[in-house]
Structures are given as structure tokens and as C-alpha cells.
Amino acid sequence: MTVRAEYDRAAADYDRRWARYNRASLALLRPWLEGRDLGDVVDVGCGTGNLPPLLAHSAGAIGGYVGADLSAGMLRMARAKAIGGTVRTGFVGADAGKLPLRDRSFDTAVSASALHYWDDARAGLAEIRRVLRPGGRLLLLDWVRDPLPMRLLNAWMRLARVQYRRMYSRAELEAALTAAEFRVQAQARGSAGGPWRLIAFDARAV
Ligand SMILES: C[S@@+](CC[C@H](N)C(=O)[O-])C[C@H]1O[C@@H](n2cnc3c(N)ncnc32)[C@H](O)[C@@H]1O
């Protein structure tokens, strides 16, 4: 089954099933959102749209928000959730490697728990770089392979043929960001319960 089909199937129950993970993972980004003016925001691999409520509660000024995702099912949930929200939102069906968005049209990009699915992480990051304005920020959050629980989980997920592309180490993620012309300004590590160990980067387009 493809990633898209898997998320289409999981969409209706996704928020309930992954509530703890979603809360804990996105909390890692909160210190970088709090009180900050983010301008126009693009969320790559936006899923069911858990970011806009967090932006509404934590961030300073937001111009608008566009969520991009492969899965029509996840986007359907995101659109429904966004109704009545305080952040101006739009959603687009797209692969991270080919965003149907104009060059230099966003001030902030966020991608949470999505990069490990991308066919080509560097191409996805370069695409994010393309749509960011000069000096724009990328808040990137993903699994990190280095800690032992994640190496064991990685091995188990491979055996169980769970659909994802790759789990990256911190060094690999840093190298991919540098290759896509981002400069890492801060990083944070955290856990989302169980074996899930995460890393987050606050990086600037250079
Ligand atoms: C684990 S969910 C995370 C959703 C959301 N970012 C959050 O933190 O709640 C991963 C999402 O990435 C999307 N995704 C996976 N590969 C993608 C790709 N190549 N391009 C765009 N979206 C992708 C999936 O459809 C899914 O909605």
C-alpha cells in the first residue's frame, strides 16, 4: 500500500489514535512559535491540520496558512477542522517534492513528522527553500534514528514493512538542511511517548 493510500485509510481515526503523539510532538515546536510573528506559513505534510490551532494559541501575527499533503483523506479532515478557526487557511493536495506554490511566497515553513515518508528528503527541503522568502524560517520536526529505542523501532518497522521511506540521524538531517541552503539556528530533542524520539530544527534560508 502507498503512503497516500495508508493515510487516506487512517484519516478518519487519525486524531483519536495519535492524540498523545500529536500533542507531544508539536509541543516541541511551541517555544519557536510563541509570540513570534510568522507571516505567511506553509505546512508541508499538514495531515489533519493540527498546526493551525497551535498557531492560533501560541504564535504572534500570522498572514495566512497553507497546508500541503499527499492524502486527500487527511486534507478532508484538516479542512473540516479549520472551519471557524481564527487563522486564515487554505489546503492543497501535493507531494513535498513538487509543491504547486509560487517561489518566495512564504515567510515560515513547518513540516512535522512527515519527512521520513518523502522519496527524496533533500529534494523536499529544496522545494521548501524555493517557496520561502529570503531569510524565511523552516521549523522541521521529525523522528531521529540515533537513540536506541528508535534504532530498535526502525528495525522492527522494516521487518513489519511499515510504510515509510527512511528514518534519519541528526547528522543526516543537518547535512540535508545544509545542502538545501538552510542554516540551523537552534535544535531541540524530545519524546512523544513510547519509543518515539524526535528532533526539531529552527533553520533559516540563506
Ligand atoms: C504523521 S502525519 C503528520 C501530520 C501533521 N504534520 C502533524 O504533525 O499532525 C504525516 C503526514 O505526511 C503526509 N505525507 C507523507 N508523505 C508526503 C509527501 N511526500 N508529500 C506531502 N505529504 C506527505 C501524510 O499524508 C500525512 O498526512
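Source: prediction; values computed, not measured.

Asker: Tell me about the site of the ligand, and name the residues and values.
Answerer: Around the ligand, the structure places 20 residues, and the nearest of them are Tyr7, Gly45, Asp69, Ala96 and Ala112. Interatomic distance of 3.3 Å between a backbone N/O atom of Leu70 and a nitrogen atom of the ligand. Between the ligand and the protein, one listed contact pairs a nitrogen atom with a backbone N or O atom of Ala112 at 2.8 Å. Burial of the ligand by the protein chains amounts to 97% of its free accessible area of 590 Å². If you tally residues by element for the shell around the ligand, the top one is helix H1 (residues 3-17), at three residues.

Asker: Quick one: what's the story with the packing of aromatic side chains, residue by residue and with numbers?
Answerer: By the definition in use, this model includes nine aromatic pairs. Judged by centre distance (5.1 Å) and plane angle (40°), the ring pair of Trp143 and Trp196 falls under tilted. In this pair, Trp143 sits in strand S5 (residues 132-143) while Trp196 sits in the loop between strand S6 (182-191) and strand S7 (197-205), placing the two residues 53 residues apart along the sequence. For Trp143, a relative accessible area of 5% gives the class buried.

Asker: Talk me through the pattern of salt bridges; I want residue IDs and the actual numbers.
Answerer: As a working rule, side chains carrying opposite charge can pair if their charged atoms are close by. Applying the stated criterion across every chain yields a total of twelve salt bridges. Note that Asp13 and Arg16 form a salt bridge whose closest N and O atoms lie 2.9 Å from each other. Here Asp13 and its partner Arg16 are both found in helix H1, three residues apart, which amounts to about one turn of the helix. We classify Asp13 as partly exposed; its relative accessible area is 33%. Overall, Arg16 belongs to the exposed group, its relative accessible area being 61%.

Asker: Would you mind going over unusual backbone geometry in detail, with residue names and values included?
Answerer: The phi angle at Ser113 is positive, at roughly 55°, despite the residue not being glycine. Despite not being glycine, Arg161 shows a phi value in the positive range, around 55°. By the element assignment, Arg161 lies in the loop between helix H7 (148-159) and helix H8 (170-179). With a relative accessible area of 72%, Arg161 lands in the exposed category.

About the criteria used
Residues numbered from 1 in each chain as written. Predicted model: local features only at pLDDT ≥ 70, side-chain atom pairs only at ≥ 80, totals over all residues. Heavy atoms only, no water. Near = heavy atom within 4 Å. Polar contact = N/O pair within 3.5 Å; in protein donor to acceptor, adjacent residues only side chain to side chain. Areas by Shrake-Rupley, 256 points an atom, 1.4 Å probe, with all protein chains shown as cover. Helix = DSSP H or I, 4+ residues; strand = E, 2+ residues; numbered from the N terminus. Phe/Tyr/Trp six-rings, centres within 6.5 Å; stacked < 30°, edge-to-face > 60°. Buried < 20%, exposed > 50% of the residue type's maximum accessible area, 1.4 Å probe, protein only. Salt bridge = Lys/Arg side-chain N within 4 Å of Asp/Glu carboxyl O.

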